[in-house]
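Residues per chain are reported as follows:
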Amino acid sequence: MNAPYRDPIGFELFNEIGIIDQLGGTLLARALTPGMTRAQFAVLNHFVRLGHRERSPAQLANAFQVTRPTMTSTLGRLARGGLVAIRDDPADGRAKLVSLTDRGRAARDAAMAAVAPLMPIIGAILSDAEIEAVLPTLRRLRIALDALRDPPASDFEAGSSALDPLE
């Protein structure tokens, strides 16, 4: 009898992360306050989590790995709702700067309160100790992948040490 086929372990890891993202994202989207999309919440949360005062739309697009037009659309909806302020960049008249407004911070806080009922679901699946144990590994993976965002094409050649951000 043949052993069942198994994908490479790295692929299994990304597959599990992708499925968790899809399932968790769906739960998050259902719990968010009416009218708030995952993308909008992510931008508001980005400002709060990282403590940014201002970011350009290009910086935000890069951070979220989306196109500039996609980010511009999201920022436009947030600005129309008064959740972010967009102003001209005094250093570059063609560029814009985005900042979180008090209303945006309040909307992010309301969204966090709306998703709070999901936390017991996570707590029923994983203990705090299990979550604390896995977070450093997940953070290390995120940091390593973040360092690989925009490597030169030549870095993807077999055996290139540029693919090892921890080296």
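Residues numbered from 1 in each chain as written. Predicted model: local features only at pLDDT ≥ 70, side-chain atom pairs only at ≥ 80, totals over all residues. Heavy atoms only, no water.

Chemist: Got a minute to help me understand the overall build of the protein chain in this structure?
Modeler: A tally of helices and strands in the protein chain yields 7 helices and 2 strands. Counted from the first residue to the last, the protein chain has its helices and strands arranged as α-α-α-α-β-β-α-α-α. Residues counted as buried form 23% of the 167 residues belonging to the protein chain. Put simply, of all contacts in the protein chain between residues at least 6 apart along the chain, 47% involve residues at least 24 apart. Surface exposure of the protein chain reaches about 11600 Å², of which carbon and sulfur atoms provide 59%. (Helix = DSSP H or I, 4+ residues; strand = E, 2+ residues; numbered from the N terminus. Buried < 20%, exposed > 50% of the residue type's maximum accessible area, 1.4 Å probe, protein only. Contact = heavy atoms within 4.5 Å. Areas by Shrake-Rupley, 256 points an atom, 1.4 Å probe, with all protein chains shown as cover.)

Chemist: I'm lost on the pairing of strand 1 (residues 84–89) in this one. Help?
Modeler: Consecutive side chains of a regular strand alternate in pointing toward one face of the sheet and then the other. By the bridge criterion, 6 bridges tie strand 1 to strand 2 (residues 92–100) in an arrangement that is antiparallel. When the sheet's bridge partners are listed, Val84 is paired in strand 2 with Leu100. Connecting the antiparallel pair strand 1 and strand 2 is a turn made up of 2 residues. (Pairing = 2+ DSSP bridges.)

Chemist: Help me understand the packing of helix 2 (residues 38–50) against helix 4 (residues 68–80) in this model?
Modeler: Geometrically, a packed helix pair is captured by the angle between its two axes and the distance between the axes. Close contact between helix 2 and helix 4 brings their axes to 10 Å; oriented N to C, the two are set at 80°. By the angle class used here, helix 2 and helix 4 are roughly perpendicular. Between helix 2 and helix 4, the contacting residues are Ala39, Gln40, Val43 and Leu44 on the first element and Met71, Thr74, Leu75, Arg77 and Leu78 on the second. Looking at the contact of helix 2 with helix 4 residue by residue, the classes come out as 6 nonpolar, 2 polar and 1 charged. (Axes fitted to C-alpha atoms, helices over the stretch in contact; angles between N-to-C directions. Parallel < 35°, antiparallel > 145°, perpendicular 65-115°, else oblique. Nonpolar A, V, L, I, M, F, W, Y, C, P; charged D, E, K, R; others polar.)

Chemist: Looking at this structure, I do not really get the side chain of Thr74. What am I missing?
Modeler: Looking at where Thr74 falls in the secondary structure, it is placed in helix 4. Among residues more than four places away in sequence, those in contact with Thr74 are Ala39, Gln40 and Val43.

Chemist: What should I look at first to understand the nonpolar core in this one?
Modeler: Where a protein is soluble and globular, its nonpolar side chains tend to be buried together. With 21 residues, the main nonpolar core has Leu32, Met36, Leu44, Leu75 and Leu78 as its most contacted residues. For this core, the elements supplying multiple residues, two or more each, are helix 2, helix 3 (57–64), helix 4, strand 2 and helix 5 (102–115). With 5 residues, helix 2 is the largest single contributor of residues to this core. Non-local contacts of Leu44, meaning those with residues more than four positions away in its chain, are made with Met36, Leu78, Leu83, Val84, Leu100, Gly104, Ala107 and Arg108. (Core = buried A, V, L, I, M, F, W, Y, C linked by side-chain atoms within 4.5 Å.)

Chemist: Help me out: how do you make sense of the confidence of the model for the protein chain in this one?
Modeler: Summarising the model, the protein chain shows a mean pLDDT of 88, and 89% of its residues fall at 70 or more. Taken together, the stretch residues 158–167 has pLDDT below 50 and engages in 11 contacts with residues farther than four places along the chain or on a different chain. (pLDDT = per-residue confidence, 0-100.)

Chemist: Could you clarify how one ought to interpret helix 5 in this entry?
Modeler: Residues separated by three or four positions in an α-helix point in the same direction, a consequence of the helix having 3.6 residues per turn. Taking 1.5 Å per residue, 14 residues should reach 20 Å; helix 5 reaches 20 Å between its end C-alpha atoms and fits that length. Looking only at helix 5, the buried set comprises Gly104, Ala107, Arg108, Ala111 and Val115. When helix 5 is viewed along its axis, its buried side chains cluster within an angular range of 100° and face the same direction. Every exposed residue of helix 5 that faces more than 90 degrees away from the buried side is listed here: Asp102 and Arg103. Packed against the buried residues of helix 5 are helix 1 (9–31), helix 2, strand 2 and helix 6 (119–125). (Expected span 1.5 Å × (residues − 1). Arc of directions from axis to C-beta.)

Chemist: I would appreciate a short explanation of the pattern of salt bridges in the present structure.
Modeler: Side-chain pairs of opposite charge can arise where the charged atoms are in close proximity. Across all of its chains, the model carries 8 salt bridges by this definition. Across the pair Asp109 and Arg108 runs a salt bridge whose closest N-O atoms are separated by 3.5 Å. Overall, Arg108 belongs to the buried group, its relative accessible area being 14%. In this structure, Arg149 engages Asp146 in a salt bridge whose closest nitrogen and oxygen atoms are separated by 2.3 Å. Salt bridges sharing partners connect three or more residues here, namely Arg53, Glu54 and Arg87. (Salt bridge = Lys/Arg side-chain N within 4 Å of Asp/Glu carboxyl O.)

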